[in-house]
Amino acid sequence: MKKLLLAIFVTLVTNLSVCFAKGPIKFGKVSLEELEMTQYDADTSAVAVVLCKYGYFSSDDFTFKMTQRIKILKKAGTSYSTFTFPSRQDVNVRAKVFNLENGEIIDEKVKNDNIYKEKVTDSYYRIKIALPNIKVGTVYDIEYSYESFPSEFAFQQYIPVKHAEIYIEDSPYVTFRKRMVGYLPVSSNDNRDYVSENVPAFKEEAYLNSAENYISKLEFDILEISVPGHYKSYSTSWESVNKRLNADEHFGMALTNGSMYLNDIRKNIEANYTNTTDKIKAAVEAIKEVQWNHRNSVVTSTNSLITAYKDKKANAADINLMLIQLLKKLDIECYPVVLSTRANGILNPFYPSIDKLNYALACAMVDGKEMLLDATETYLPAGMLPLRCLNGQGRLVNELDGKWVDLKTNQKDKKIIMYNLQLDDDLNLNGTVDYARYNYAAYSFRKKFHDFANDEAYLKNMEEKYPGLTIKDYTFTDIDDINKPVKEKYNIKLSNKVSKVGDMVLINPFLFEAVDENPFKMEERQYPVDFGYLRDKMLITKITIPDDYEISEIPEPVKIVMPDKSASALINYKVLGNTINVTYMFKIGKPQYLMDEYTYLKSLYSIIIEKHAEPIIIKPVQHEASL
């Protein structure tokens with residue numbers, strides 16, 4: 001890339017100074033009006049606002065410059081004292097902070113010590129700026145420039161944007177492709193200048209796969225650079241991405257660059273297992289000896305995987321490409337699958353981009369079916385993917401042109417909870433609670449449980465999390481066998497889940513499983529609800545009351561079902577003598593719900609919250625002699 005840029009400089013540049021067109025903002029020229037501003041009229045609730053964001057690509061010297069000005073309006077806005085952005089290569093950064101003191105504008109240049117440049121890969125940097133003296137009323141400017149074409153320009157942010165604009169100069173030497181993401185209008189008169197005014201803040205809500213998929217922005221991909229004597233083609237198709245990955249020394253070449261270091265593991269697996277699925281499970285567990293360093297990557301850290309294996313710590317591509325090497329040594333057909341994680345945004349089948357890829361999985365063929373594998377998570381069974389990977393589609397990389405693979409799972413987050421409790425004369429509940437957790441619920445529990453030093457530390461945390469809970473005894477079953485459900489049984493006492501009002505005693509049978517907050521708060525939602533995987537929950541509560549009490553009132557049972565029957569909730573009550581049985585069943589039957597289904601889903605949760613708040617009411621038995 002640098003050689004191509006140099007060729008562009010030699011061919012094109014006659015004046016080495018950077019000549020940017022006059023834009024709507026000039027770095028460091030802050031007005032008194034901007035500093036005296038106390039609210040943003042288009043959104044008076046805004047804690048801060050981007051007054052102007054302007055990007056400019058100069059075809060003369062292949063340089064992109066971005067200037068941004070932000071105003072702090074409320075105390076909560078002071079959290080915007082750090083500013084982070086990605087860059088393809090090293091950048092030039094400067095920033096200034098402006099405050100109004102006694103009617104005088106005081107400016108402070110941000111020192112280089114407050115600007116951090118982290119090299120993520122050879123062509124990708126992460127820049128973080130820590131701004132000093134940020135307070136209500138502050139205005140600050142940030143400007144950065146680099147010798148490359150921009151990968152994207154976001155018109156929308158988590159705070160409102162008054163004016164956002166990008167200008168792309170025409171160049172006969174660079175062919176690129178652009179696409180618009182998001183729902184907000186962006187105007188352009190000449191396909192060079194793109195402007196959006198009074199852009200509302202992006203409001204993030206629960207079960208969003210990634211804001212990157214819905215924030216209004218332009219994404220760019222270079223297709224080719226062609227100058228006299230130099231030509232380079234980029235990702236013009238997903239087939240070409242497949243070829244580039246196979247030829248990359250940190251991907252395809254790393255896979256073929258020796259695997260003798262795995263010979264002992266192969267021999268051990270072959271000596272102990274004959275079934276293909278069992279071999280795959282054993283291979284995944286063997287590779288887990290290398291700890292994931294929590295870095296997502298589509299390429300390996302070195303061109304030889306033995307280095308990462310010896311270090312016992314590696315990125316996602318290192319680990320899963322090691323797994324592919326091991327499975328191939330076991331004569332199991334296996335290929336890499338490359339993808340974009342949920343936080344990184346969905347891959348678009350019509351816009352090939354190698355830069356959008358940031359993760360690699362293994363795909364084993366078992367009885368003609370694809371089995372997706374990830375060996376980065378200690379407590380994740382073979383055949384289950386971490387939530388970060390459940391993101392639309394990925395690309396299987398093979399010796400041909402590759403193909404699309406669905407990144408989905410038929411595994412659920414499934415929980416069964418059973419309370420068997422007796423109410424004593426002091427209004428305490430005593431008895432047992434049993435949990436059975438399956439698939440993703442079991443994985444989540446194991447991951448959380450093993451963060452604690454021992455059983456006692458975990459139980460202490462439970463008692464602190466639920467005031468009034470005393471755990472008298474407990475047993476865990478299959479907690480270390482990741483291929484089985486986790487079973488828990490606790491002998492407990494609850495001292496604050498029953499209340500008394502006059503002669504009425506109120507019992508909430510949902511106990512720790514009560515839903516008291518709706519994750520869906522917007523009136524309308526402009527992006528899908530993405531749960532990632534299906535969810536099933538069953539709660540059975542049995543409460544025995546003392547003989548000198550009688551049931552006065554129980555809530556009405558309810559069954560709520562979405563129009564397509566994919567999500568539902570059922571609550572039922574049954575009384576047998578002095579025993580109350582409550583059954584609650586909740587189901588999310590598909591991983592994603594579209595915008596027109598949002599109102600139904602929100603209503604489902606609202607009704608659940610309302611019903612979970614309704615108590616069972618009991619009263620002392622009124623004997624005839626006392627009447």
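Each value, and the rule that gives it
Residues numbered from 1 in each chain as written. Predicted model: local features only at pLDDT ≥ 70, side-chain atom pairs only at ≥ 80, totals over all residues. Heavy atoms only, no water. Salt bridge = Lys/Arg side-chain N within 4 Å of Asp/Glu carboxyl O. Helix = DSSP H or I, 4+ residues; strand = E, 2+ residues; numbered from the N terminus. Buried < 20%, exposed > 50% of the residue type's maximum accessible area, 1.4 Å probe, protein only. Pairing = 2+ DSSP bridges. Axes fitted to C-alpha atoms, helices over the stretch in contact; angles between N-to-C directions. Contact = heavy atoms within 4.5 Å. Patch = residues over 30% accessible without salt bridge, like charges linked within 9 Å, V, L, I, M, F, W, Y side chains within 5 Å. Areas by Shrake-Rupley, 256 points an atom, 1.4 Å probe, with all protein chains shown as cover. Lys, Arg positive; Asp, Glu negative; His and termini not counted. Charge placed at Lys NZ, Arg CZ, Asp CG, Glu CD.

Caption draft 1: Focus on the pattern of salt bridges. Here the structure, examined in full by the defined rule, presents 30 salt bridges. Aspartate 530 is the partner of arginine 342 in a salt bridge, and the nearest nitrogen-oxygen pair spans 3.2 Å. One end of the pair, arginine 342, is in the loop between strand S18 (334-339) and strand S19 (359-366); the other, aspartate 530, is in strand S29 (residues 529-530), and 188 residues separate them in sequence. Of the two residues examined, arginine 342 and aspartate 530, each falls in the buried class.

Caption draft 2: Summary view of the sheet that holds S18. Strand order in the open sheet made by the 5 strands is S20-S19-S18-S21-S22, with antiparallel pairing throughout. Each having just a single partner strand, strand S20 (369-373) and strand S22 (403-406) make up the two edges of the open sheet. Recorded for the sheet is a direction-independent mean angle of 40° between the axes of neighbouring strands. Looking at chain direction, S19 and S20 are connected through 5 bridges and run antiparallel. When the sheet's bridge partners are listed, alanine 362 is paired in S20 with leucine 373. Of the strands in this sheet, S19 and S20 touch helix H6 (residues 276-287), which is tilted by about 160° from S19. Helix H8 (residues 316-329) rests against S18, S19 and S20 of the sheet, and its axis sits at about 20° to S19.

Caption draft 3: Quick peek at a negative patch on the surface. Residues Asp425, Asp426, Asp547 and Asp548 make up a contiguous surface patch of negative charge. Residue position: aspartate 425 is located in the loop between strand S23 (412-423) and strand S24 (429-439). The exposure class of aspartate 425 is exposed, given its relative accessible area of 62%.

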